[in-house]
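# Observations on chain architecture
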Amino acid sequence: MNSHIMPTYGRLAVSFSRGEGVWLWDEEGKRYLDALSGIAVCNLGHAHPQVHKAICKQSETLIHTSNLYGIPLQEKLAEKLCEKSGMENVFFSNSGAEANEAAIKIARVYGHQQGIDKPVVIVMEKSFHGRTMATLSATGNPKVQQGFTPLVEGFVHVPFNDITAIEAVISENKNCVAVLVEPIQGEGGVHIPADDYLNQIRSLCDKHQLLMMIDEIQTGIGRTGEFLAYQHNKILPDVCTIAKALGNGVPIGACLAKGTAAGILTAGMHGSTFGGNPLACSAALAVLETLDNDDLIATVHNKGEKITTSLTEKLKHITEVSNIRHKGLMIGIDLASPCMELVAKAQQHGLLISVTNEKTIRLLPPLIIDDSQIELLVTTLSTLIQEHLQ
Ligand SMILES: *Cc1c(COP(=O)(O)O)cnc(C)c1O
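Residues numbered from 1 in each chain as written. Predicted model: local features only at pLDDT ≥ 70, side-chain atom pairs only at ≥ 80, totals over all residues. Heavy atoms only, no water.

### Concerning the environment of Met330
In this fold, Met330 is placed in strand 12 (residues 330–335). Between the alpha carbons of Met330 and Leu364 there is a distance of 5.3 Å; along the sequence they are 34 residues apart. Excluding residues that lie within four positions of it along the chain, Met330 makes contacts with Ile184, Gly186, Val190, Gln218, Thr219, Arg223, Thr224, Arg325, Leu363 and Leu364. (Helix = DSSP H or I, 4+ residues; strand = E, 2+ residues; numbered from the N terminus. Contact = heavy atoms within 4.5 Å.)

Shown next as structure tokens:
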């Protein structure tokens, strides 16, 4: 079927022709509950009317002009993002990996400005930062790096959720310039760190004048119950990257910075042909306006709580279900043994989920999911898990 597509993905044998809200329909007209949102992208659900309207309207007048000229929609989006994040300025990209590339470039220039020739960014084991050469080198997963050596230098990996490990590297290695961390590791298996983990990294970065760089590509845009997950901690990073849900499916990413970090990239140092074009910015502006008008993010915590408490209730007698956890609508369910088959099985039963780290079922439902859809999700999934474990 995909003979002219490079086989970089193991795809399920299904294609969708239409979507609406949490629902997708395949080419035979069968309906699916999308509990993955195109991997944390369609946070407002599929075919959202405001996003639809915004990109239709924008495409009537102007899709692209390039960053050689002023782009008022980009200015407006940057202002809105800074207002919502507490950051000061923005570089727009087309993807998450590119947003992280910008962050890594900022960290390196920051180091060189202090006379550090070989700057080191501290990154985490089991992290995921993208598939470009620099971001796969930063990623803490040997499978992502396999075959692509030589890797980009300048990354030191430490265990996630371990402040002493970061401290130890900083004290041993005078070339440290930044810490790059996900607030919750998504691809790595929905690892939620201690409540004060980010606060402690903030203090360490302040003490040693390192840039604190947070990868919010999966956790951002309301997913965890705040616009950005670091807002649970009442801190501000120096650099923050977002992408996935920013355009609700229209490709757009952003690297946000403040303070010293905001002044590092100057004319000619970085760029992107498409980055922040009028079409993508119109989609992102519609996303931000919808989130604000519907007060959607305020509902996320309770929805996540409802899903995990009902799943816990339904699965409590099953010892092979070792842990159910969530922050907002980022949900992880650990089984005692590998359960990759569940993805295809769930799809056959009209439910789209993912399994990361072989044993962790990951749910990232659209933030607009309602009570009856939550009930359907919980009932279908708990039945599938019980059948799988029998
Ligand atoms: C998805 C993801 C990325 C990569 O984003 P792309 O748009 O696929 O390049 C980076 N970091 C995290 C935390 C992600 O979840």
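### Some points on the site of the ligand
Looking at the ligand, the residues that line it are Ser95, Gly96, Ala97, Asn100, Phe128, His129, Gly130, Glu182, Asp215, Ile217, Gln218 and Lys244. Gln218 is positioned such that a nitrogen or oxygen atom in its side chain is 2.8 Å from an oxygen atom of the ligand. Within the side chain of Lys244, one N or O atom sits 2.7 Å away from an oxygen atom of the ligand. Bound to the protein, the ligand loses 81% of the 380 Å² it would expose on its own. (Near = heavy atom within 4 Å. Polar contact = N/O pair within 3.5 Å; in protein donor to acceptor, adjacent residues only side chain to side chain. Areas by Shrake-Rupley, 256 points an atom, 1.4 Å probe, with all protein chains shown as cover.)

### Topic: the packing of aromatic side chains
In total, this model carries 2 aromatic pairs according to the counting rule given. Here Phe16 and Tyr32 contribute two aromatic rings whose centre-to-centre distance is 5.2 Å and whose plane-to-plane angle is 85°, an arrangement assigned as edge-to-face. Taken as a pair, Phe16 in strand 1 (residues 16–20) and Tyr32 in strand 3 (residues 31–34) lie far apart in primary sequence, 16 residues in all. Residue Phe16 is classed as partly exposed on the basis of its relative accessible area, which comes to 32%. (Phe/Tyr/Trp six-rings, centres within 6.5 Å; stacked < 30°, edge-to-face > 60°. Buried < 20%, exposed > 50% of the residue type's maximum accessible area, 1.4 Å probe, protein only.)

### Regarding the sheet that holds strand 4 (residues 89–93)
Strand pairing within a sheet occurs via backbone hydrogen bonds; the two strands may be parallel or antiparallel. Strand order in this open sheet of 7 strands is 4-10-9-8-7-5-6, and the pairing throughout is mixed. Two strands in the sheet have a free side with no partner beyond their single neighbour: strand 4 and strand 6 (155–158). Put simply, the sheet's adjacent strands are angled 20° from each other on average, direction ignored. Note: strand 5 (residues 120–124) against strand 7 (residues 176–181), 3 bridges, orientation parallel. When the sheet's bridge partners are listed, Val121 is paired in strand 7 with Ala178. Set on the sheet, helix 8 (residues 197–208) makes contact with strand 5, strand 7 and strand 8 (211–215); between it and strand 8 the angle comes to about 150°. (Pairing = 2+ DSSP bridges. Axes fitted to C-alpha atoms, helices over the stretch in contact; angles between N-to-C directions.)

### Brief notes about the pattern of salt bridges
Applying the stated criterion across every chain yields a total of 9 salt bridges. A salt bridge links Lys80 to Asp292; the shortest N-O distance between them is 3.6 Å. Placement of the pair is Lys80 in helix 3 (residues 72–85) and Asp292 in helix 9 (residues 278–294), with a sequence separation of 212 residues. On the basis of relative accessible area, Lys80 is assigned to the buried category, the value being 18%. What makes Asp292 partly exposed here is its relative accessible area of 38%. The salt bridge partner of Asp371 is Lys306, with a shortest N-O separation of 2.9 Å. (Salt bridge = Lys/Arg side-chain N within 4 Å of Asp/Glu carboxyl O.)

### What about the side chain of Thr356?
As for its position among the elements, Thr356 is in strand 14 (residues 354–356). Of the residues examined, Thr356 reaches a relative accessible area of 5% and is grouped as buried. Those residues within four positions of Thr356 in sequence are excluded, and the remaining contacts are Gly186, Glu187, Gly188, Gly189, Val190 and Arg362.

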